[in-house]
Amino acid sequence: MKTKFDASDITVLQGLDAVRMRPTMYVGVLDAHTPTLLLGETLCLGAGGLGCRERVNIDVRIMHEDGYDACIVSDDTLGLPRGSAHRLMTQLHACFDEKRLHETATFCRAGISVMNALSRHCVLEVLNDEHHHVASFMRGHAMQPSEFPPEEQTGNNLLFIPDSDIIGTSMFDMDSVRALIASAMHQLPGLTITLEEQ
């Protein structure tokens with residue numbers, strides 16, 4: 001049994017492995033509300049679009065599958081800029097600049113990269129006037145992205161499945177989801193969020 005420790009006993013985790021190893025440091029207690037907290041991080045993509053548009057519409061669809069829930073969040077913003085998707089999804093960061101951060105503080109806490117780290121599977125589709133980009137992630141690790149010609153439609157579409165191996169559940173508490181959406185629209189009047197449950 002060691003009676004002292006030195007620098008060789010320190011483990012440095014790279015990328016999002018730190019979030020997966022110590023999730024409570026980033027999201028607090030892991031419980032039935034944690035999937036809703038992760039959903040809040042995805043709303044930040046649409047909320048950030050209010051800097052360029054007076055109104056942003058976000059559609060939230062929660063699908064109850066056999067033994068797990070999946071969530072798709074779509075917005076009609078201008079779409080993330082080229083080169084930003086991978087950085088946002090894989091590096092710890094703050095959601096927005098200081099002014100926007102305090103406006104979204106109740107639903108944008110740890111950053112969308114934390115949502116990615118605590119998801120079993122995640123797919124982000126970015127549509128803007130420069131490109132059509134699709135990035136896939138498995139438990140926080142990036143898969144090969146795909147690029148397509150730009151389309152007229154713009155916005156972001158994000159699918160994620162909370163990782164029940166870490167959180168303990170992948171099921172969404174619908175009461176807390178509705179409360180989150182109501183709070184987000186109250187804080188940001190230009191935001192309209194619709195919820196669909198399947």
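Summary of the structure given here.

What counts and what doesn't
- Residues numbered from 1 in each chain as written.
- Predicted model: local features only at pLDDT ≥ 70, side-chain atom pairs only at ≥ 80, totals over all residues.
- Heavy atoms only, no water.
- Helix = DSSP H or I, 4+ residues; strand = E, 2+ residues; numbered from the N terminus.
- Buried < 20%, exposed > 50% of the residue type's maximum accessible area, 1.4 Å probe, protein only.
- Areas by Shrake-Rupley, 256 points an atom, 1.4 Å probe, with all protein chains shown as cover.
- Lys, Arg positive; Asp, Glu negative; His and termini not counted.
- Charge placed at Lys NZ, Arg CZ, Asp CG, Glu CD.
- Core = buried A, V, L, I, M, F, W, Y, C linked by side-chain atoms within 4.5 Å.
- Salt bridge = Lys/Arg side-chain N within 4 Å of Asp/Glu carboxyl O.
- Expected span 1.5 Å × (residues − 1).
- Arc of directions from axis to C-beta.
- Contact = heavy atoms within 4.5 Å.
- Axes fitted to C-alpha atoms, helices over the stretch in contact; angles between N-to-C directions.
- Parallel < 35°, antiparallel > 145°, perpendicular 65-115°, else oblique.
- Left-handed = near helix turned anticlockwise from the far one by under 90°.

## Details of the overall build of the protein chain
Next up, step 1: Counting its regular elements, the protein chain contains 8 helices and 8 strands.
Next up, step 2: Each of the three principal axes of the protein chain carries a C-alpha extent, and together these read 65 × 40 × 35 Å.
Next up, step 3: For the protein chain, the residues scored as buried account for 46% of the 198 residues in total.
Next up, step 4: Within the structure as shown, the protein chain displays about 10500 Å² of accessible surface, and the carbon and sulfur contribution to it stands at 54%.
Next up, step 5: With 15 positive and 27 negative side-chain charges, the protein chain shows a separation of 7 Å between the mean positions of the two kinds.

## Points about the nonpolar core
Next up, step 1: Counting residues in hydrophobic clusters, the biggest one holds 43 residues, and the most contacted among them are Leu39, Val60, Leu158 and Phe160.
Next up, step 2: Ranked by residue count, the leading element in this core is helix 3 (residues 34-48), at 6 residues.

## Thoughts on the pattern of salt bridges
Next up, step 1: This structure, assessed with the given rule, holds 6 salt bridges.
Next up, step 2: The partner of Asp163 in a salt bridge is Arg20, with the nearest N and O atoms 3.0 Å apart. Note that Asp163 is positioned in the loop between strand 7 (155-162) and helix 7 (164-167) and Arg20 in helix 1 (residues 17-21), a separation of 143 residues in sequence.
Next up, step 3: Three or more residues are tied together by salt bridges with common partners; here these are Arg20, Arg139, Asp163 and Asp165.

## Topic: helix 8 (residues 174-187)
Next up, step 1: Over its 14 residues, helix 8 runs 20 Å from end to end, which matches the ideal 20 Å to within 8%, given 1.5 Å per residue.
Next up, step 2: Listed in full, the buried residues belonging to helix 8 are Met174, Ser176, Val177, Leu180, Ile181 and Ala184. On an axial view of helix 8, the arc spanned by its buried residues comes to 160°, and they lie on one face. Along helix 8, the residues that are exposed and aim more than 90 degrees away from the buried face are Asp175 and His186.
Next up, step 3: Buried residues along helix 8 sit against helix 3, strand 1 (56-64) and strand 8 (191-197).

## Description of the packing of helix 3 against helix 8
Next up, step 1: Two elements in contact, helix 3 and helix 8, have axes whose closest approach is 10 Å; the angle formed by their N-to-C orientations is 30°. When the axis of helix 3 is compared with that of helix 8, the two are roughly parallel. For helix 3 against helix 8, the interelement crossing comes out right-handed. Seen from helix 3, the contacting residues are Thr36, Leu39, Gly40 and Leu43; seen from helix 8, they are Ser176, Val177, Leu180 and Ala184.

## Section: unusual backbone geometry
Trans peptide bonds make up the majority, and among non-glycine residues the majority have a negative phi.
Next up, step 1: Although it is not a glycine, Arg139 sits at a positive phi angle of roughly 50°.
Next up, step 2: Within the fold, Arg139 resides in the loop between strand 4 (132-138) and strand 5 (141-142).
Next up, step 3: Taking relative accessible area as the criterion, Arg139 reaches 30% and is therefore assigned partly exposed.

## What to know about helix 3
Next up, step 1: Its 15 residues give helix 3 an end-to-end C-alpha distance of 22 Å, which sits within 8% of 21 Å, the value for a rise of 1.5 Å per residue.
Next up, step 2: Extensive coverage of helix 3 is indicated by the burial of 14 of its 15 residues.

## Details of the environment of Met63
Next up, step 1: As for its placement among the helices and strands, Met63 is situated in strand 1.
Next up, step 2: On the accessibility criterion, Met63 (12% relative accessible area) is buried.
Next up, step 3: Spatially, the C-alpha atom of Met63 lies 27 Å from that of Pro189, the residues being 126 residues apart in sequence.
Next up, step 4: With near-sequence residues (within four places) excluded, Met63 lies in contact with Tyr68, Asp69, Ala70, Ile72 and Gln198.

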